[in-house]
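Structural characterization, general
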Amino acid sequence: MEPARRGQLRIGTCGPAAGRPADVGDLRVVLLADLIRRTAERRRLMILASLGTGAAGGADHGDRERAFRADCDALGVRPAEFTTWHELGDIIDIGVGPARQAAPQNETETPSAGTAGHPAVRLWAGSGPLLFEGREADRSTTGPARPAAPVTLAELRRRGLDPLALRLAFLECRYRDPLDLDWPALAEADAALRRWRGQVADWATHPSRPLSAEHAAQVTAAFEDDLDTPAALAALRALDSDAGVAPGARFETLAHLDQLLGLDLVSEVGKAPVPS
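Section: the confidence of the model for the protein chain
- Of all residues in the protein chain, 76% attain a pLDDT of 70 or more, and the chain-wide mean is 83.
- Confidence scores differ between elements of the protein chain, with helix α3 (residues 103-107) showing the lowest mean pLDDT of 46 and helix α5 (residues 163-171) the highest of 98.
- This stretch, residues 104-119, has a pLDDT under 50; its non-local contacts, to residues over four places away or in other chains, come to 18 contacts.

Here's what the structure looks like:
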């Protein structure tokens, strides 16, 4: 799809409803928009990203917005304009939300849909259902499957988990596929993320070498194939065990591709190892 404005891609994203903090269901949607943005930026498009956060309603709206910004930052989501759906503009190239929300319903939520003579949202991308411990993780859903309590990044931190472990867990599954998370899976993702960062830090101590063009191309192709992030991660893990690629080249490759992954894989580079 070509953007409505040449060289400029406008993305509109559903954020959490006004008056409550973001949960993991909200954050899976936001991550999808971030992955689209990162992939599009490689084509040198200027990205105008907006997060629709619901109506203002209530004196604690600035506080909620700041908390949502902090959650997005912790999840590695690049900055966007925070606004309501009614203020997103006349044309949105890609609208992002939960897959269960039908596009016609969303289009009627944008005033320009019925007055501008063209669809307000040109293409919809939907994130798949998210369960936590087998129960619905999206609080906009009602019924007996609804979880007893929301799962937020604050709870991940309380358990000693890196918020980016949630991002890695999301990347292990295709964005449109159902995903069932639990605390052991997030702990496993946290451990994997720490191991990966340790490897990258070790590779950084070796002489620099040109990045592996073959592995970089495989990862890029996976992202451009409808955001096939599991295939991208598989290609990176193949790089880990490829004896034909020098450690310095592995470092350069991972550092380069982390622009797509957003996992902060170089965060341990240059730090003294922690005694065991």
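Regarding the packing of aromatic side chains
- For the structure shown, the criterion picks out one aromatic pair.
- Measuring from ring centre to ring centre gives 5.1 Å for F132 and W183, while their planes differ by 70°; the resulting arrangement is edge-to-face. You can see F132 sitting in strand β6 (residues 130-132) and its partner W183 sitting in helix α6 (residues 183-203), a full 51 residues away along the chain.
- A relative accessible area of 13% means that W183 is categorised as buried.

Notes on the nonpolar core
- Within the largest apolar cluster, 68 residues are counted, with the highest numbers of intra-cluster contacts made by L166, L181 and L186.
- Ranked by residue count, the leading element in this core is helix α1 (residues 24-41), at 10 residues.
- When residues no more than four places from it in sequence are discounted, the contact partners of L166 are V24, L27, L75, L153, L156, L181 and L186.

Notes on the sheet that holds strand β8 (residues 179-181)
- The sheet built from three strands is open, its strands ordered β7-β6-β8 with mixed pairing. Since the sheet does not close on itself, it has two edges, and those belong to β7 (135-136) and β8, each with one partner.
- Across two bridges, β6 lies against β7 in antiparallel orientation. Bridging from a neighbouring strand, F132 pairs with R135 of β7.
- Each of β6 and β8 touches α5; the most contacted strand, β8, lies at about 145° to it.

Re the packing of helix α7 (residues 213-224) against helix α8 (residues 229-240)
- Closest axis-to-axis distance for the α7/α8 pair is 7 Å, and the angle between their directions is 170°. The pairing of α7 with α8 is recorded here as roughly antiparallel in orientation. Here H215, Q218, V219, A222 and F223 of α7 come into contact with α8, specifically with T229, A231, A232, A235, L236, A238 and L239.
- Taken together, the residues of the contact of α7 with α8 sort by class into nine nonpolar, three polar and no charged.

A few points about the pattern of salt bridges
- For the coordinates displayed, the defined rule picks out 15 salt bridges.
- We note a salt bridge from R78 to E41, for which the minimum N-O separation is 2.2 Å. Of this pair, R78 sits in the loop between α2 (61-74) and β3 (81-83) while E41 sits in helix α1, placing them 37 residues apart in sequence.
- Judged by its relative accessible area of 27%, E41 is partly exposed.
- In this structure, E155 engages R159 in a salt bridge whose closest nitrogen and oxygen atoms are separated by 2.8 Å.
- We classify E155 as buried; its relative accessible area is 19%.

What counts and what doesn't
Residues numbered from 1 in each chain as written. Predicted model: local features only at pLDDT ≥ 70, side-chain atom pairs only at ≥ 80, totals over all residues. Heavy atoms only, no water. pLDDT = per-residue confidence, 0-100. Helix = DSSP H or I, 4+ residues; strand = E, 2+ residues; numbered from the N terminus. Contact = heavy atoms within 4.5 Å. Phe/Tyr/Trp six-rings, centres within 6.5 Å; stacked < 30°, edge-to-face > 60°. Buried < 20%, exposed > 50% of the residue type's maximum accessible area, 1.4 Å probe, protein only. Core = buried A, V, L, I, M, F, W, Y, C linked by side-chain atoms within 4.5 Å. Pairing = 2+ DSSP bridges. Axes fitted to C-alpha atoms, helices over the stretch in contact; angles between N-to-C directions. Parallel < 35°, antiparallel > 145°, perpendicular 65-115°, else oblique. Nonpolar A, V, L, I, M, F, W, Y, C, P; charged D, E, K, R; others polar. Salt bridge = Lys/Arg side-chain N within 4 Å of Asp/Glu carboxyl O.

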